[in-house]
Amino acid sequence: MTGTRGYHHGDLRRALLAAAVQVIEESGPAALSLRDLARRAGVSHAAPAHHFGDKAGLLTALATEGFHLLAEALHGAGGELLDRGVAYVDFAVRHRAHFEVMFRPDLYRADAKELVAARQRAGAALHSGVAGLSERRPTAEDPQGDALAAWSIVHGFATLWISGALPPRVGDDPRKAAREVIHRLFPQQP
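On a predicted model such as this, the values are computed, not experimentally measured, just so you know.

S.K.: Now, about the overall build of the protein: what can you tell me, with residues and values included?
M.R.: What the protein contains, in helices and strands, is nine helices and zero strands. For the protein, the N- to C-terminal ordering of α and β elements is α-α-α-α-α-α-α-α-α. Expressed as lengths along the three principal axes of its C-alpha atoms, the size of the protein is roughly 70 × 40 × 25 Å. Within the protein, the proportion of its 190 residues that are buried is 42%. Of the contacts formed within the protein by residues at least 6 apart in sequence, a portion of 67% connects residues at least 24 apart. About 10200 Å² of surface is accessible on the protein, with carbon and sulfur atoms providing 55% of the total. Computed over 22 positive and 21 negative side-chain charges, the separation of the two mean positions in the protein equals 4 Å.

Put into structure tokens, the structure is as follows:
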């Protein structure tokens with residue numbers, strides 16, 4: 001058979017998500033189309049809709065996957081907030097396409113059950129790093145505020161790194177640079 005009709009894909013859902021990552025890394029989420037993903041995967045133009053419904057469904061799946069990957073990265077970093085912050089930045093740099101979608105709820109179904117659970121899991125992993133901070137810190141009575149501050153710092157640094165907006169003096173190693181910046185405000189405990 002010629003064309004895409006006779007083509008059998010072992011894991012089409014995975015192939016479409018991988019193609020979406022490639023498109024987003026190349027051109028950003030606005031350039032993503034289900035028709036282009038079908039072409040890249042070598043399947044009929046209707047195949048992506050069968051798996052995801054529409055573009056928002058595909059981006060919901062991609063954001064969900066991203067939050068799961070982020071939670072794994074944070075859990076694997078250890079219990080120190082500084083290490084989790086560095087892991088967050090490392091995740092953003094290594095999974096830029098996921099990162100670009102995850103924090104854009106206008107692109108996906110933010111209330112999707114699986115997405116909400118994955119986002120909560122990643123948030124809990126970051127929040128648990130705050131528990132390792134000294135109880136003598138001035139903000140100890142507000143761990144939620146400390147978690148928001150930590151997230152803001154690491155997310156901001158990751159965004160600046162990805163966009164190339166940081167000055168050359170930070171160097172070319174995102175983990176090392178992130179550690180130096182995060183350490184200024186959230187040093188490791190003795």
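S.K.: Describe in detail the pattern of salt bridges, supporting the description with residues and values.
M.R.: If you walk through the whole model with that rule in mind, you get ten salt bridges. We note a salt bridge from R14 to E65, for which the minimum N-O separation is 2.1 Å. Here E65 lies in helix α4 (residues 55-75) and R14 lies in helix α1 (residues 12-27), a separation of 51 residues in the sequence. In this structure R14 comes out as partly exposed when scored by relative accessible area, which is 37%. Salt-bridge contacts for R104 lead to D106; the nearest nitrogen and oxygen are separated by 2.8 Å.

S.K.: Can you explain helix α8 (residues 143-163)? Please cite residues and give values.
M.R.: Side chains three or four residues apart in an α-helix point the same way, a direct result of the helix having 3.6 residues per turn. Compared with the 30 Å implied by 1.5 Å per residue over 21 residues, the 30 Å span of α8 between its first and last C-alpha is a close match. Among the residues making up α8, those that are buried are D146, A147, A150, V154, H155, F157, A158 and W161. Down the axis of α8, the buried side of the element spans an arc of 160°, and every buried residue falls inside it. In α8, the exposed positions angled more than 90 degrees off the buried face are occupied by Q144 and S163. Buried residues along α8 sit in contact with α5 (81-94), α6 (96-102), α7 (113-130) and α9 (174-185). Among the residues trailing α8, G164 stands out with phi positive, at a value near 75°.

S.K.: Tell me about the packing of aromatic side chains, residues and numbers included.
M.R.: Scanning the entire structure with this criterion turns up five aromatic pairs. With centroids separated by 5.4 Å and ring planes inclined at 65°, the aromatic side chains of F99 and F103 adopt a geometry described as edge-to-face. Take F99: its relative accessible area is 6%, and that puts it in the buried class. Three or more aromatic residues joined by ring pairs make a cluster, and in this case those are F67, Y88, F99, F103 and W151.

S.K.: Explain the environment of L59 to me, and be specific about the residues and the numbers.
M.R.: By secondary structure assignment, the location of L59 is in helix α4. If sequence neighbours within four positions are ignored, L59 has contacts with I24, L32, V101, L107 and Y108.

S.K.: Lay out helix α2 (residues 34-41) with the relevant residues and their values.
M.R.: If you check which residues of α2 are buried, you get L34, D36, L37, A38 and A41. The inward-facing, buried residues of α2 abut α1, α3 (47-52) and α4. Positive backbone phi, approximately 75°, marks G42, located one or two places after α2.

S.K.: Please provide a residue-by-residue account of the side chain of T60, values included.
M.R.: By secondary structure assignment, the location of T60 is in helix α4. One polar contact links the side chain of T60 to the main-chain amide nitrogen of R109, over a distance of 2.8 Å. Beyond its immediate stretch of four places on either side in the chain, T60 contacts Y108, R109, A112, E114 and L115.

S.K.: Let's hear about the side chain of T64: which residues, and what values?
M.R.: Along the chain, T64 falls in helix α4. On the basis of relative accessibility, which here comes to 8%, the residue T64 falls in the buried class. Ignoring sequence-local partners within four residues, the contact set of T64 consists of E114, L115 and A118.

Each value, and the rule that gives it
- Numbering of residues starts from 1 in each chain and follows the order in which that chain's sequence is written.
- With pLDDT at 70 or above as the cut-off, local features in this predicted model cover only qualifying residues; side-chain atom pairs require 80 or more to be listed or tallied, and sums for whole chains, interfaces and linings still use all residues.
- With hydrogens and water stripped out, all remaining heavy atoms of the structure feed into the side-chain values.
- Strands here mean DSSP runs of E at least two residues long; helices mean DSSP runs of H or I at least four residues long; both are numbered from the N terminus.
- A 1.4 Å probe rolled over the protein chains alone gives each residue an accessible area, and that area as a share of the maximum for its type sets the label: buried under 20%, exposed over 50%, partly exposed in between.
- Throughout, a contact is declared for two residues whenever any of their heavy atoms are within 4.5 Å.
- Every accessible area reported is derived by Shrake-Rupley at a probe size of 1.4 Å, with residue values counting cover from the shown protein chains alone.
- Counted charges follow a simple rule, with Lys and Arg positive, Asp and Glu negative, and His plus the chain ends left uncounted.
- Charge positions are represented by NZ for Lys, CZ for Arg, CG for Asp and CD for Glu.
- We define a salt bridge as a contact between a side-chain nitrogen of Lys or Arg and a carboxyl oxygen of Asp or Glu at a distance within 4 Å.
- Here the expected span of a helix is defined as 1.5 Å times the quantity of residues minus one.
- An arc is given here, and it is the one of the directions from the helix axis to the C-beta atoms.
- Only Phe, Tyr and Trp rings are paired, with Trp represented by its six-membered ring, and only when their centres lie within 6.5 Å; those with planes under 30 degrees apart are stacked, over 60 edge-to-face, the remainder tilted.
- Whenever a nitrogen or oxygen atom comes within 3.5 Å of another N or O atom, the pair is scored as a polar contact, on the condition that within protein one atom can donate a hydrogen and the other can accept it, and that pairs from neighbouring residues in sequence are kept only if both atoms are in side chains.

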